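Listed below are the residues making up each chain.
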Amino acid sequence: MVKVAAVVVTFNRLEKLKTVIARLEAQSLAPAWIVVVDNASTDGTGAWLSGLETTVPLHVVSMTENAGGAGGFARGMSEGYELGADHVWIMDDDCYAEPDALHHLVDGLDAAVRELGPEVPFSCSVVTYTDGSICEMNNPVTTWDWGRLLVRDQRNVMVTACSFVSVLVPRWVIAEHGLPYAEYFIWFDDREYTLRLTDRCPGVQVLDSVVVHDMGDNRGVNFSMVDSANAWKFAHGIRNESSWLLHHQSVVRWVEFGLRIAVNFRRGKVPWRLRLRMFRQYLRGVSFNPPIRYPEPTRAELKPRHVPW
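Residues numbered from 1 in each chain as written. Predicted model: local features only at pLDDT ≥ 70, side-chain atom pairs only at ≥ 80, totals over all residues. Heavy atoms only, no water.

**What about helix H4 (residues 101-116)?**
Cut-off, in case you're wondering: A run of H or I in DSSP counts as a helix once it spans at least four residues, and a run of E counts as a strand once it spans at least two, with each numbered from the N terminus. One less than the number of residues in a helix, times 1.5 Å, gives the span that helix is expected to have. Any residue under 20% of the maximum accessible area for its type is buried, any over 50% is exposed, and the rest in between are partly exposed; the area is computed with a 1.4 Å probe on protein chains only.
An ideal rise of 1.5 Å per residue puts 22 Å on 16 residues; H4 measures up with 22 Å between its terminal C-alpha atoms. Buried within H4 we find Ala101, Leu102, Leu105, Val106, Gly108, Leu109, Ala111, Ala112 and Val113. Count one or two residues on from H4 and you reach Gly117, which has phi positive near 105 degrees.

**Digging into the side chain of Ser243**
Applied cut-off: Pairs of N or O atoms are called polar contacts if they sit within 3.5 Å, as long as, within protein, a hydrogen donor faces a hydrogen acceptor (for residues adjacent in sequence, only side-chain-to-side-chain pairs). Whether two residues are in contact is decided by their heavy atoms, any of which lying within 4.5 Å being enough.
As for its position among the elements, Ser243 is in helix H7 (residues 231-248). Judged by relative accessible area, which is 1%, Ser243 ranks as buried. Among the polar contacts made by the side chain of Ser243, one reaches the main-chain carbonyl oxygen of Phe288 at a distance of 2.4 Å. In this structure Ser243 touches Tyr184, His248, Gly285, Phe288, Asn289 and Pro290, once residues within four positions along its chain are discounted.

**With respect to the packing of aromatic side chains**
We apply this condition: Each aromatic pair joins two rings of Phe, Tyr and Trp (for Trp, the six-membered one) with centres within 6.5 Å, and gets the label stacked for planes under 30 degrees apart, edge-to-face for over 60, and tilted for any other angle. Whether a charge sits over a ring depends on NZ of Lys or CZ of Arg being within 6 Å of the ring centre and within 35 degrees of the ring normal.
Evaluation of the coordinates by the stated rule reveals 12 aromatic pairs. A ring pair is formed by Phe223 and Phe257, whose centres lie 5.7 Å apart and whose planes are at 70 degrees; its orientation type is edge-to-face. On the criterion of sequence distance, the pair formed by Phe223 in the loop between strand E10 (203-213) and H7 and Phe257 in helix H8 (residues 251-267) is long-range, its members being 34 residues apart. Both residues of the pair, Phe223 and Phe257, count as buried. On the numbers, 4.7 Å between centres and 10 degrees between planes, the contact of Trp254 with Tyr282 is stacked. Highlighted residues: Trp254 in helix H8 and Tyr282 in helix H9 (residues 272-284), separated in sequence by 28 residues. Trp254 sits in the buried class, given a relative accessible area of 14%. What links up through ring pairs into an aromatic cluster is the set Trp187, Phe223, Phe234, Trp254, Phe257, Phe265, Phe279 and Tyr282. Geometry around Trp272 places Arg275 over its ring, the cationic atom sitting 4.3 Å from the centre.

**Concerning helix H6 (residues 189-197)**
Most of H6 sits out of view: 7 of its 9 residues are buried. Listed as buried for H6 are Asp189, Asp190, Glu192, Tyr193, Thr194, Arg196 and Leu197. Structurally, H6 contributes buried residues whose contacts are with helix H3 (68-83), strand E8 (156-161), strand E9 (167-170), helix H5 (171-177) and H7.

Below, the structure written as structure tokens:
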């Protein structure tokens with residue numbers, strides 16, 4: 001039986017977290033552990049978790065300060081790895097999994113491996129909003145031949161990137177590719193990580209695995225939407241994407257990104273003081289280039305690497 005560590009990163013969303021954990025306990029394929037990374041919540045989450053009894057073994061990581069979603073996922077995936085999980089299943093604290101979500105993720109990944117080979121690096125769910133519509137922020141990026149598995153009677157489509165809202169990552173992937181950049185704090189950590197994983201082989205979105213993302217407003221984002229309230233989040237996103245493009249892609253793509261955000265700022269009539277603040281973050285990407293970190297035990301256990309877990 002495959003052992004899965006379900007990793008949830010939470011910060012001040014106690015009521016939603018209760019639903020997330022209840023949904024994990026009700027999975028038709030039970031995870032071996034539920035790992036909750038509490039990002040130093042101040043709403044009573046820590047006290048509630050300390051007294052919580054679950055049907056699935058609970059492993060709580062209490063952070064001393066808010067490490068952001070990126071820091072939380074990096075820590076949670078490392079914890080799941082050290083527990084001995086064959087896969088980690090990562091999600092936010094407002095992600096409600098349907099009862100068969102994990103079962104389908106595991107089966108979908110196995111089916112993709114049989115067709116594409118053992119390099120398939122992850123499987124992710126279909127993410128819906130609370131009203132049943134597609135969640136605008138959580139649509140994976142498909143490959144040009146995304147339907148290759150569909151015509152082989154699978155319920156998978158091939159993708160190159162997705163968000164961290166219900167993604168199953170095999171153990172060998174973490175050992176070989178490392179953890180998400182904790183230094184990103186928030187925004188673009190999921191895109192960078194899944195693009196890193198699909199450098200050689202695409203991941204898959206499993207159409208029968210469904211989760212509900214209980215986010216407040218179902219809409220995507222772009223750089224024309226910067227305002228005083230959300231500028232802190234856009235600042236992280238621009239710095240992170242700038243760093244990734246310059247240090248891991250090309251100077252040409254980095255310059256194109258700068259031009260693109262400038263155009264979006266103009267279209268959105270973003271105030272000049274915010275444009276200047278964002279472009280300082282764009283330039284921070286020049287010196288910001290965190291290293292990839294790997295969990296323990298070391299990458300030595302990768303031999304032989306091509307055996308699927």
